[in-house]
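Each chain is listed here by its residues.
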Amino acid sequence: GEQVEQLPSSLIVQEGASVLINCSYTDSASVYFPWYKQEPGKRLQFIIDIRSNMERKQTQRLTLLFDKKTKHLSLHITATQPGDSAIYFCSASLNYGSSGNKLIFGIGTLLSVKP
Amino acid sequence: DAGVTQTPRHEVAEKGQTIILKCEPVSGHNDLFWYRQTKIQGLELLSYFRSKSLMEDGGAFKDRFKAEMLNSSFSTLKIQPTEPKDSAVYLCASSPDWTSAETLYFGSGTRLTVL
């Protein structure tokens, strides 16, 4: 079945730095890739997504790049703030138009932003 | 806000016990998911319901894990019998319409400790 891998597993940066979180998936039939983040002690929340017919999506300080050929995604966060400290999860879904699909998550990347 | 509600927040069980975790999805959502979260494995899908019908029963988790959704506003996850390796955070999530790539809304989780 589908597998999602994330690197690095953890990251420590100074406030203001940019970070890159990489994600790869195995099933070329995957079409939808939402990202979630989990701040300490809080629920997972959706932050950004991309579909397989796109190469890039940007929202505020987040840029998500998608390479269908290499089955690779990368999440770029600019001007990081201590409030960005969280676990970031990449996920992949096969054919979200089908009622039988499921969302598979990576193991997460723990980002710590030091003031 | 009336988000996804999970109870209890914490559960401690002896090995071999039966435990039942509860989830109330966001009112009106059609899709409900159960995930297990550990630091080593990340988020693992246990079950997925669409309009109360079981669409995914979690493969490797089938033997001791059983999720049910008897009505659209309530789901349970039964673990029987519990083993120490089941110690994890169990997350419930709902979505208005996952097949149209609507976002998942997560609950706060139930932290299970099996002694």
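Quick note: structure is the one above.
Here is a short report on the structure shown in this document. (Residues numbered from 1 in each chain as written. Chains lettered and ligands numbered in written order. Predicted model: local features only at pLDDT ≥ 70, side-chain atom pairs only at ≥ 80, totals over all residues. Heavy atoms only, no water.)

### Considerations on unusual backbone geometry
The omega angle of the peptide bond from L7 of chain A to P8 of chain A is -5 degrees, so this bond is cis rather than trans. With respect to the element layout, P8 of chain A can be found in the loop between β1 (4-7) and β2 (10-14). Q80 of chain B connects to P81 of chain B through a cis peptide bond whose omega is -10 degrees. By secondary structure assignment, the location of P81 of chain B is in the loop between β8 (74-79) and β9 (88-95). Positive phi is not limited to glycine here, since K71 of chain A has a value of about 55 degrees. (Helix = DSSP H or I, 4+ residues; strand = E, 2+ residues; numbered from the N terminus.)

### Description of the pattern of salt bridges
Evaluation of the coordinates by the stated rule reveals twelve salt bridges over all chains. Where K42 of chain A meets E39 of chain A, a salt bridge forms, and the shortest distance between an N and an O atom there is 3.7 Å. One connected set of salt bridges, linked through shared partners, spans R36, E44, R64, E83, K85 and D86 of chain B. (Salt bridge = Lys/Arg side-chain N within 4 Å of Asp/Glu carboxyl O.)

### Describing the nonpolar core
Within the largest apolar cluster, 25 residues are counted, with the highest numbers of intra-cluster contacts made by W35, L73, L75, Y88 and L111 of chain A. Broken down by secondary-structure element, the contributors of at least two residues to this core are β2, β3 (19-25), β4 (30-38), β5 (44-51), β7 (62-67), β8 (72-77), β9 (86-94) and β11 (109-114) of chain A. Listed in part, the 20 residues of the second largest apolar core include V4, A67, A88 and V114 of chain B. (Core = buried A, V, L, I, M, F, W, Y, C linked by side-chain atoms within 4.5 Å. Buried < 20%, exposed > 50% of the residue type's maximum accessible area, 1.4 Å probe, protein only.)

### Observations concerning the sheet that holds β8 of chain A
All names here are of chain A. Spatially, β1-β3-β8-β7-β6 is the arrangement adopted by the five strands of the open sheet, whose pairing is antiparallel. Edge positions in the sheet fall to β1 and β6 (56-59), since each has one partner strand and no second. The mean inter-strand angle of the sheet, taken between neighbouring strand axes irrespective of direction, is 15 degrees. One ladder, built from four bridges, connects β1 with β3; its direction is antiparallel. Within β3, the residue paired with V4 across the bridge is Y25. (Pairing = 2+ DSSP bridges. Axes fitted to C-alpha atoms, helices over the stretch in contact; angles between N-to-C directions.)

### Section: the packing of aromatic side chains
Scanning the entire structure with this criterion turns up 13 aromatic pairs over all chains. Considering the side-chain rings of F33 of chain A and F66 of chain A, the 4.9 Å spacing of their centres and the 35 degrees angle between planes classify their relative orientation as tilted. Here F33 of chain A is found in strand β4, whereas its partner F66 of chain A is found in strand β7, with 33 residues between them in sequence. Grouping residues by exposure puts F33 of chain A and F66 of chain A together as buried. Ring pairing ties together the aromatic residues Y36, F46, F89 and F105 of chain A together with F33, Y35, Y48 and F106 of chain B, which thus form one cluster. (Phe/Tyr/Trp six-rings, centres within 6.5 Å; stacked < 30°, edge-to-face > 60°.)

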